[in-house]
Amino acid sequence: MEIVLVGLNHRTAPVEVRERVSFSEEQAQRAAEELRARGILEETLVLSTCNRSEVYGVPPESSHECAPGLSSFLSEFHSVRHEVLSVSLYHHYDREAVRHLFQVAAGLDSMLLGEAEILGQVREAYRFAHEHGATGPVLNRLFQGALEVGKRVRTETELGTRPMSAAAAGVKLAERIFGKLSERKALVLGAGEMSEQVLSHLRDRGIAQLQVMNRSREKAEELAKQFGGKVVGWGEWDSALQTPDVVVGSVSAEEPVLRRDIVERAMAARGNRALFLMDLGVPRNIDAKVAELYNVYVYNTDDLTEIVQQNRNARESEIPHAQGIVEEHVSKFLSWQASVELVGLVDALRTKLREERATFIRSRMEPMKHLSETDRAQVEKLMDEMLEKVLLEPAQRLRGEKELRRKIQNVEALRDLFLLNREKP
Amino acid sequence: MNHVFPVLTALAYLLSFGLYVRFLAAGNKFTGRVGTVLLGVGLIAHYFALLERSRGLHTVPYHDLYGSMSLFGWLLALTYLGLELYHRQRSVGAFVLPFILVFFLAAHLAPADRLSPPAVHGVVFAFHVTLSILAYAAFALSFVLSIIFLGEERLLRNHKLGEVVWRLPPLELLDQMSRSSVLVGLISIAVGTALGYVSVDRLPGQNSFYDPKYIITLLVLALYALYFRLAGTAAWRGARASKLCIFNFVIVVLSFTVVNLYLSHSHRYF
């Protein structure tokens, strides 16, 4: 009952390789079926995201033995030359494979440390494989554990809570002022890539109304349509600044487009209701003196970049905590795995001893013709009782004592000791 | 006197404070929840400590300054817990618990001399005092929330976002919490004052209606009503309203200390 993992990710493979080795849902299903049909794996799960493609499995024999076959399969399945693929692939077995998956689910192995999406992707991959019957008891337990790790890391650490881009940091800051944005309005100046990013974050945070203002009305309309917003005519400051709570500046301009007198007039018209200005333009779109006004909060690109840097450091400082959770669950999983294997070993031992007992009785009772059928049956019964007694206590202790299971590291060695591997089909 | 409940209260408040601080520093939700539970435990133990003290001294909690302080601490904790549950926001607990602890410890570490039994004033009087202290507790809470608001607002304006700013409530929510607290205080002080007048009216003999306490209470009522009105307007919402709230609380402290102890004839503790 070993676990094998073969895969590649953003650290080991360039995007050209990653995109060739990625799996669609249909491909994931087909790969899982083929791997089982060819006898390479008994249980299979394919995890494929934009940054990683990984195949988790339980091989019928030793995991180390099946890894080359799995690599060749991937190469053949995606029609990528083995020499090209092999340099990017990593192989993990048992404890390392378990640890790797738990780290992935925790967001510790992501390109953007602590990102939340990966947990959803792991959950989806597991659901898909489970629904198609590709997983079994081992992978079910493994992936349920991974989902638990991901959830715990997200609730017990701050690994994924801090925004990691200037646009996201700006939106998060707006929430520090207004709370939930679901009843707030935003105005975005500019229709470029940065505006699009901010609009996307604002929409994700459930902003009530979006307005776009741009010199080119056409572009503004296109962007507004994409995000379900409205277009405001360029330069109509008095009307445009009356309603929004958040204003984002992201236009190319030599001089600030939002001067102090414009904002001062707007604040008077809006009864000094709080206004959050996010200036993402370089050169700046908002006059620095605007920050002096009552209830006006101004953040420019440098301020936001500094926040992102602080957040990055804060996330990194949470790694040991998250790693601790991962290790706790790795031990838990390995303990479960050992218990299942040991119980299996005891069952196998019992079967073997019964067979031995039958042979033994046949050979040794042959000369004892004087024994009646009842006596023979009695002797057999006594031997059965003794075997049960010998096996019963260790079996119960294995079920009950976690520490004992942890101590017995190598179940295979015990199998070899009792010559149980020869009986395997 | 049995010390089980005072010790249990102090321990629960202290642990709750520690957990609220940890919650603020590390953001662990579970820690915050346990902090709330311990605050609830502290509240129950504090209630029994008050009850025991009153029984032991054969008096009501508000008969002396120490008892009033303990009752104030209990009502502050109760108001805060209500506010925390209503607004689902526990990150200000770390700032409120020290006040609760100080009032509780100051009251219960003080020498508990046997006091003369209080004159029997009746239920109306008891409600008058309890509601007035509840109002002071609610105003104290709004004071703490206003201080947090101004601190957070300054950090946000100066772009000095430490770890804590990300865990404090949004400014808008702090403003709402402060207004909720003032509303509790306003209702309590209005009803409490009205009951006080009724109680005085029922007392035999001549009673002066020109006690400075009456004037300052009406001033407090007017100032908080003004705050409540202005804090709802766009022009005042935010830092200005918070500053007014802090100013109002200074008057409350004046009313609770100087006026009660030195100027009032019927509200002093000696």
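All figures in this text were calculated on a predicted structure; none of them were measured in a lab. (Residues numbered from 1 in each chain as written. Chains lettered and ligands numbered in written order. Predicted model: local features only at pLDDT ≥ 70, side-chain atom pairs only at ≥ 80, totals over all residues.)

On to the sheet that holds strand β1 (residues 4-9) of chain A. Two orientations exist for strands paired in a sheet by backbone hydrogen bonds: parallel and antiparallel. Residue and element names in this part refer to chain A. Judged by pairing direction, the sheet is antiparallel, and its four strands sit side by side in the order β2-β3-β1-β4 without closing on themselves. The open sheet terminates on both sides in strands that have one partner only, identified here as β2 (43-48) and β4 (90-93). Each strand axis lies, on average, 15 degrees off the axis of its neighbour in the sheet, ignoring direction. The sheet contact formed by β2 and strand β3 (residues 52-58) spans six bridges and is antiparallel. Bridging across to β3, Val46 finds its partner in Val55. Here helix α5 (residues 94-106) sits on the sheet in contact with β1, β3 and β4, set at roughly 110 degrees to β4. Seen against the sheet, helix α7 (residues 137-156) touches β2 and β3 and runs at an angle of roughly 35 degrees to β2. (Pairing = 2+ DSSP bridges. Helix = DSSP H or I, 4+ residues; strand = E, 2+ residues; numbered from the N terminus. Axes fitted to C-alpha atoms, helices over the stretch in contact; angles between N-to-C directions. Contact = placed C-beta atoms within 7 Å.)

Before going further, it helps to spend a moment on the packing of helix α7 (residues 212-231) of chain B against helix α8 (residues 239-263) of chain B. Residues and elements named next belong to chain B. Packing of α7 against α8 leaves a shortest axis separation of 10 Å and a crossing angle of 170 degrees. For the element pair α7 / α8, the angle class is roughly antiparallel. Facing Pro212, Lys213, Ile216, Thr217, Leu219, Val220, Leu223, Tyr224, Tyr227, Leu230 and Ala231 of α7, the residues of α8 in contact are Ala241, Leu244, Cys245, Asn248, Ile251, Val252, Leu254, Ser255, Val259, Asn260 and Leu263. Classifying every residue of the contact of α7 with α8 gives 17 nonpolar, four polar and one charged. (Parallel < 35°, antiparallel > 145°, perpendicular 65-115°, else oblique. Nonpolar A, V, L, I, M, F, W, Y, C, P; charged D, E, K, R; others polar.)

Counting from both sides, the interface comprises 19 residues of chain A and, opposite them, 17 residues of chain B. Breaking the side of chain A that touches chain B down by element, the ones donating at least two residues are α7, α8 (166-178), β10 (296-300) and α13 (301-317) of chain A. Among the elements that make up the side of chain A that touches chain B, the one with the highest residue count is α8(A) (four residues). Its residues assigned to classes, the side of chain A that touches chain B shows seven nonpolar, five polar and seven charged.

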